[in-house]
Amino acid sequence: SCVGAARCEMSCYDEARALRTVINNNIDDMHRPSLPYKFKFKFSGCPNDCVNSIQRSDMATIGTWRDNIRADQAIADEWMAGHTMNDLVNMVVSLCPTKAITLRDVGAPAREHETVLRVAEDAEMAIDNHNCVRCMHCLNVMPGALLPGKDKGVTVLIGGKGVLKIGATMGTVIIPFMKLESDADFEKLNDLARGVLDFFAENALDHERTGEMIERIGLVNFLEGIGLEIDPNMIVHPRTNPYIRTDNWNEEAERWYARKAEAASRQAEGGFAQAA
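What counts as what
Residues numbered from 1 in each chain as written. Predicted model: local features only at pLDDT ≥ 70, side-chain atom pairs only at ≥ 80, totals over all residues. Heavy atoms only, no water. Pairing = 2+ DSSP bridges. Helix = DSSP H or I, 4+ residues; strand = E, 2+ residues; numbered from the N terminus. Axes fitted to C-alpha atoms, helices over the stretch in contact; angles between N-to-C directions. Expected span 1.5 Å × (residues − 1). Contact = heavy atoms within 4.5 Å. Buried < 20%, exposed > 50% of the residue type's maximum accessible area, 1.4 Å probe, protein only. pLDDT = per-residue confidence, 0-100. Core = buried A, V, L, I, M, F, W, Y, C linked by side-chain atoms within 4.5 Å.

### Digging into the sheet that holds strand S4 (residues 101-105)
Taking strand neighbours across the sheet as the criterion, the three strands line up as S4-S6-S5 in an open arrangement whose pairing is antiparallel. If you trace the sheet from one side to the other, it starts and ends with S4 and strand S5 (114-120), each paired once. Within this sheet the neighbouring strands show an average axis-to-axis angle of 30°, counted without direction. As judged from the five bridges shared by S4 and strand S6 (residues 123-128), these two strands associate in the antiparallel manner.

### What about helix H1 (residues 15-26)?
Between its first and last C-alpha, H1 extends 17 Å over twelve residues, near the 16 Å set by a 1.5 Å rise per residue. The inward-facing, buried residues of H1 contact strand S1 (41-44) and helix H6 (183-203).

### Looking at helix H7 (residues 210-217)
Side chains three or four residues apart in an α-helix point the same way, a direct result of the helix having 3.6 residues per turn. Turning to H7, its buried residues number three or more, namely Thr210, Gly211, Glu212, Met213 and Ile214. Trailing H7 by a residue or two, Gly218 shows a phi angle of about 100°, which is positive.

### Regarding the pairing of strand S11 (residues 172-178)
The buried fraction of S11 is high, at five of seven residues. With four bridges joining them, strand S8 (residues 152-158) and S11 adopt antiparallel strand pairing. Paired with Ile158 across the strands is Thr172, a residue of S11.

### Details of the confidence of the model for the chain
Per-residue pLDDT for the chain averages 90, and the proportion of residues at 70 or more is 94%. Ranking the helices and strands of the chain by mean pLDDT puts strand S2 (residues 59-65) first, with 97, and strand S9 (residues 161-163) last, with 75.

### Considerations on the nonpolar core
Residues Phe41, Met59, Val156, Ile174, Leu189 and Phe222 are the most contacted members of the largest nonpolar core, which totals 34 residues. Contributing elements (two or more residues each) for this core: H1, S1, S8, S11, H6, H7 and helix H8 (219-226). Among the elements that make up this core, the one with the highest residue count is H6 (eight residues). Discounting residues that sit within four places of it in the chain, Phe222 has contacts with Ile158, Ile174, Val196, Phe199, Met213, Ile214 and Ile217. Counting residues in hydrophobic clusters, the runner-up holds 28 residues, among them Val93, Ala123, Val141 and Met142.

In structure tokens, the structure reads:
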């Protein structure tokens, strides 16, 4: 685990608690001979991923957020006082991988999903959060002026490691977003880890890491084995491949929207019960 919430302002969850919950409950099964081969868990507090969990762990838990990036105008003013507009363009705006950051005239109407900072008397910087992929670059260059959103949680990925059979692999998203705050949330994370370990123990070959097993049996079979529904947000490489298969597209889309509506309904019912 990274040092996370103990010292880092970018932390999106309690990394130490997540680590102890999963490790204390599964330590006896994490290495041979209980498993076909070793299994690594890593916990990163934010998408900076300072412990390289996406590249070097079989199950990576990475902090993230799903609302807008937060902005502090006072700290942004301090940052701009020591930099020029050329610095802002060259160091921040032009290096956004999805071109989600733009400069515009002051007074332009702001949209709900935008984060806006005034960077000059007649100019402001706008971040289109719908196109933000949480690369962390702008937050790292302007620390404090930009911070993770308030609706924090984690993304869980499976199968990273520089294995011999298929070469270096990065983790594949299996849980796009989940909250990690309550006791029930941490229990859910441990249940997921337990399910992955059990499936790995039963289906992997000797000296085969999780990523190699998934490559051999297929991601769909793996998801079915651990009881997860397929989600369009389950990705390996964001925005790099424009080609998709459309087999049973309408049916799968209907199922996905039905699951989203059911989840929203459960969340609303929970809110009403809590209020009562």
